[in-house]
Amino acid sequence: MNQDERWMRQALALANQAAREGEIPVGAVAVKDSRLLGRGYNQTERLQDPTAHAEMLALTAAADALESRRLDGVTLYVTLEPCCMCAGALILARIERLVFGAYDSKAGACGTLYNIPRDERLNHRVNVVGGMLEAECGGILSEFFKRLRQKDQKIDTSWIDFM
């Protein structure tokens, strides 16, 4: 298993945690020099905070760990392609590299609908690798929403550790 797969599997474990808590199952980890700096999973429902995306929480934790808002040399691993808000945060944080799992046809801002990390009009660019463990990352999302629709909006979490 290479390093990218290793860290993405940790992000997947966090996505499972999000699903267990009834959150959209997205997980993220921030890494520098093979050291975990921050991690997060979606908590928008629990915190009633529209900015509590996995990426935002992982970036905040990494900034705390480095005692700096600039996350030079950091790679962010996230199970779903970041949205516009999170992609903008990657630029502001000066993330070096983004590795994501599933592409997001409805909100993806890192190559699908928009390409914020590579936009030459901005003052920083992020190296992006998409599709890492795509089937697993997309699978947990598909299963989550399928079960949500089947259960009259009540979330059954008994299936979560199927990965």
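Each remark here, short or long, concerns the structure printed above.
All values derive from a computational prediction rather than experimental measurement.

A. Examining the packing of helix 3 (residues 54–66) against helix 4 (residues 84–93) more closely. Remark: helix 3 packs on helix 4, axes separated minimally by 9 Å, with the N-to-C direction vectors making an angle of 20°. Viewed along their axes, helix 3 and helix 4 adopt a mutual orientation that is roughly parallel. Viewed along their axes, helix 3 and helix 4 form a crossing whose handedness is left-handed. When helix 3 is examined against helix 4, the residues Glu55, Met56 and Leu59 are found in contact with a partner set consisting of Met85, Cys86, Ala89 and Leu90.

B. Region of interest: the environment of isoleucine 140. Following the sequence through the fold, isoleucine 140 ends up in helix 5 (residues 134–150). Residue class for isoleucine 140 comes out buried when judged on its relative accessible area of 0%. With 18 residues separating them in the primary sequence, isoleucine 140 and leucine 122 have C-alpha atoms 33 Å apart.

C. Representation of the packing of aromatic side chains in the model. Counted under the stated rule, the structure contains 2 aromatic pairs. A centroid spacing of 5.0 Å and a plane angle of 85° characterise the contact between phenylalanine 100 and tyrosine 103, whose relative ring orientation is edge-to-face. We classify phenylalanine 100 as buried; its relative accessible area is 1%. For arginine 6, the ring lying beneath its charged end belongs to tryptophan 7, and the centroid distance is 4.2 Å.

D. Summary view of helix 3. Between its terminal C-alpha atoms helix 3 stretches 18 Å, which fits the 18 Å expected from 13 residues at 1.5 Å a residue. Along helix 3, the residues classified as buried are Ala54, Glu55, Ala58, Leu59, Ala62 and Ala63. Mapping the buried residues of helix 3 onto a view down its axis gives an arc of 160°, with all of them on the same face. Buried residues along helix 3 sit against strand 1 (27–32), strand 2 (35–41), strand 3 (75–80) and helix 4. Two residues or fewer past helix 3, glutamate 67 is found with a positive phi of approximately 55°.

Rules behind the numbers
- Residues numbered from 1 in each chain as written.
- Predicted model: local features only at pLDDT ≥ 70, side-chain atom pairs only at ≥ 80, totals over all residues.
- Heavy atoms only, no water.
- Axes fitted to C-alpha atoms, helices over the stretch in contact; angles between N-to-C directions.
- Helix = DSSP H or I, 4+ residues; strand = E, 2+ residues; numbered from the N terminus.
- Parallel < 35°, antiparallel > 145°, perpendicular 65-115°, else oblique.
- Left-handed = near helix turned anticlockwise from the far one by under 90°.
- Contact = heavy atoms within 4.5 Å.
- Buried < 20%, exposed > 50% of the residue type's maximum accessible area, 1.4 Å probe, protein only.
- Phe/Tyr/Trp six-rings, centres within 6.5 Å; stacked < 30°, edge-to-face > 60°.
- Lys NZ or Arg CZ within 6 Å of the ring centre and 35° of its normal.
- Expected span 1.5 Å × (residues − 1).
- Arc of directions from axis to C-beta.

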